[in-house]
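# Examination of the molecular architecture
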Amino acid sequence: NLGTQSGHTIEKDMTMITAMTMYQELKKYDNVQVYMTHTDDRDMSLKERAEFAAGVEADFLFSIHYNASENHTMYGTEVWISCEKPYNAYGYQFGCLHLQAMQEKGLFLRGVKNRMNNEGTDYYGIIREAAALSVPALIIEHCYVDEERDAEYIQNEEGFAEFGRIDALSVAKYFGLKS
């Protein structure tokens, strides 16, 4: 699906550039296998994505996103994690590492967050579906595409790719990867 849109900016195109860059960067590290749920414009349910991650015995599922707000006034970067133990601890550890890198880039930090639905489980489907299959998962919201304070970070494809490099470096630090 298209995801958030602002002007000519379509989230699905942005995230694919970011994810492909992250993939290429992570492949440079020793003893690591990187999987992507998809590399083309394909519709997959959240459950199918989580099942894919579980099927390849993923150590972590990273869901790549860009944000927008209803009133176009919010800005900054955030990481959404599970409410469930032990996945919330894994997510929090990664989120703190990642947000430090995003702050160094100049982004405002919105924090490492979680959210429950009315049933008392994780609100975000990808996190909920992955936790049900014992796969740690989180959502990286890089910045807001509809707010001028974040606009400088997403001017072009290089900006989207830079986020992929930051994501990969955060993963490498989290897992202690060597290249």
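Residues numbered from 1 in each chain as written. Predicted model: local features only at pLDDT ≥ 70, side-chain atom pairs only at ≥ 80, totals over all residues. Heavy atoms only, no water.

Our next topic: the pairing of strand E3 (residues 61-67). Summarising burial for E3: six of the seven residues are buried, a large majority. Examined bridge by bridge, E3 and strand E6 (residues 137-144) share six bridges and lie parallel to one another. Across the sheet, the residue bridging to Leu61 is Ala137, located in E6. (Buried < 20%, exposed > 50% of the residue type's maximum accessible area, 1.4 Å probe, protein only. Helix = DSSP H or I, 4+ residues; strand = E, 2+ residues; numbered from the N terminus. Pairing = 2+ DSSP bridges.)

This brings us to the packing of aromatic side chains. The tally for this structure, following the rule as stated, stands at 13 aromatic pairs. Aromatic pair Tyr87 and Tyr90: ring centres 6.3 Å apart, planes at 70°, arrangement edge-to-face. Residue Tyr87 and its partner Tyr90 are both found in helix H3 (residues 87-105); the two are separated by three residues, about one turn of the helix. Relative accessible area serves as the criterion here: at 32%, Tyr90 is assigned to the partly exposed category. Between Phe94 and Tyr174, the ring centres sit 6.0 Å apart and the planes meet at 75°, which makes this aromatic pair edge-to-face. (Phe/Tyr/Trp six-rings, centres within 6.5 Å; stacked < 30°, edge-to-face > 60°.)

The next point concerns the side chain of Asp122. On the secondary structure map, Asp122 appears in the loop between strand E5 (109-113) and helix H4 (125-132). Look at Asp122: it is buried, it has no salt bridge, and the nearest opposite charge is Arg128 at 7.3 Å. At 2.7 Å, the side chain of Asp122 forms a polar contact with the side chain of Ser82. If near-sequence neighbours (up to four positions away) are discounted, Asp122 is found in contact with Ile81, Ser82, Cys83, Glu84, Arg115, Asn117, Ile127 and Arg128. (Lys, Arg positive; Asp, Glu negative; His and termini not counted. Salt bridge = Lys/Arg side-chain N within 4 Å of Asp/Glu carboxyl O. Polar contact = N/O pair within 3.5 Å; in protein donor to acceptor, adjacent residues only side chain to side chain. Contact = heavy atoms within 4.5 Å.)

Let us now look at the pattern of salt bridges. Under the counting rule described, the total for this entry stands at eight salt bridges. For Arg42, the salt bridge identified is with Asp40, shortest N-O distance 3.2 Å. For Arg42, a relative accessible area of 42% gives the class partly exposed. Note that Glu78 is salt-bridged to Arg110, the shortest N-O span being 3.1 Å. Linking Glu78 in strand E4 (residues 77-80) with Arg110 in strand E5, this pair joins segments that are 32 residues apart in sequence.

Turning our attention to H3. Across its 19 residues, H3 extends 27 Å between first and last C-alpha, which sits within 8% of the 27 Å expected from 1.5 Å per residue. The set of residues buried in H3 consists of Tyr87, Gly91, Phe94, Gly95, His98, Leu99, Ala101 and Met102. Along the axis of H3, the buried positions cluster into a sector of 160°, meaning they face one direction only. (Expected span 1.5 Å × (residues − 1). Arc of directions from axis to C-beta.)

Further remarks concern the layout of surface pockets. The space that makes up the largest pocket amounts to roughly 1,400 Å³. If you trace the largest pocket, you find 48 residues lining it, with Thr37, Leu61, Phe62, Ser63 and Ile64 closest to the centre. Every element with two or more residues in the lining of the largest pocket is listed here: helix H1 (11-26), helix H2 (46-55), E3, H4, E6 and helix H6 (157-175). The element best represented in the lining of the largest pocket is H1, accounting for nine residues. (1 Å grid on protein atoms, 1.4 Å probe; cavity = no way out; pocket = protein on both sides within 12 Å on 5 of 7 lines; lining within 4 Å. Points joined across faces, edges and corners; volume = space filled by probe spheres on them.)

Moving on, we get to the sheet that holds E6. The sheet built from four strands is open, its strands ordered E3-E6-E4-E5 with mixed pairing. Each edge of the open sheet is held by one strand with a lone partner, namely E3 and E5. Ignoring strand direction, the axes of neighbouring strands in this sheet form an average angle of 15°. Here four bridges tie E4 to E5, and the two strands are oriented parallel to one another. Bridged to Glu78 within E5 is Gly111. Along the sheet, H3 contacts E3, E4, E5 and E6; its crossing angle with E5, the most-contacted strand, is approximately 170°. Contacts from H4 reach E3, E4 and E6 within the one sheet, and its direction differs from that of E6 by about 160°. (Axes fitted to C-alpha atoms, helices over the stretch in contact; angles between N-to-C directions.)

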